[in-house]
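Observations on chain architecture
Read off the chains here:
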Amino acid sequence: MKAPICEVCLKNDGLLCPADEKKLQEGIISELDVKVARLLYKLLGDVDIEFKKAVEAGDLIVLIVGRGDVPTVIGKGGKNIKALVKELGKRVRVIEGFDAWGPGELKKLATDLFYPASIFGINVVYRPGGEKAYKVLVPFRERKKLPEKPELLENVLSQILGRKVEISFI
């Protein structure tokens, strides 16, 4: 299993090695990333999946995994997700993450996160000072299908992308 922490730290519930401790101190990884990586390792063992990051907003935790790894993480009949929900005490969603965030990847990410609601598109907004932000366009008739409150989804997307994200109903 590929994770943000090394294999030794995955198997050990105690302390982190100096390299992973440094990543934690610098904010490259979070305590939640460490906790979720260890839980996934306990549940799945040494399977060929990639866990990239965990993002928490309110009572929702979104796990970002590698391409094609979502079914493995969810498990047969959702047994892995149920175990994660029980262990973390929050709702869990699993989505596919990418190494580079181009327009196609952003739309797929938003589509996965907003399911069962559909999205119309994503606009890039250039703010004064050269700062980039994103506006996710959701058809007005789809607003009731959103799996979470719009503010929560904005928060999750902003954390994943490292930029301000706003949802706009059209």
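Residues numbered from 1 in each chain as written. Predicted model: local features only at pLDDT ≥ 70, side-chain atom pairs only at ≥ 80, totals over all residues. Heavy atoms only, no water.

Spatially, β4-β5-β6 is the arrangement adopted by the three strands of the open sheet, whose pairing is mixed. Edge positions in the sheet fall to β4 (121–126) and β6 (165–169), since each of these pairs with one other strand and no more. Looking at each pair of strands side by side, their axes are set apart by 30° on average, direction ignored. In the sheet, strand β5 (residues 132–138) pairs with β6 via five bridges, with the strands oriented parallel. Among the inter-strand pairings, Y134 is bridged to a residue of β6, identified as V165. Contacts between helix α7 (residues 150–161) and the sheet are confined to β5 and β6, with β6 contributing the most and set at about 140° to the helix. (Pairing = 2+ DSSP bridges. Helix = DSSP H or I, 4+ residues; strand = E, 2+ residues; numbered from the N terminus. Axes fitted to C-alpha atoms, helices over the stretch in contact; angles between N-to-C directions. Contact = heavy atoms within 4.5 Å.)

This part is about the pattern of salt bridges. Note that side chains of opposite charge can pair when their charged atoms are close. All told, the structure shown has 13 salt bridges when counted by the stated rule. The partner of R91 in a salt bridge is D59, with the nearest N and O atoms 2.6 Å apart. Taken together, the residues R91 in strand β3 (residues 91–96) and D59 in the loop between β1 (51–57) and β2 (60–65) connect sequence positions 32 residues apart. Relative accessible area serves as the criterion here: at 35%, R91 is assigned to the partly exposed category. (Salt bridge = Lys/Arg side-chain N within 4 Å of Asp/Glu carboxyl O. Buried < 20%, exposed > 50% of the residue type's maximum accessible area, 1.4 Å probe, protein only.)

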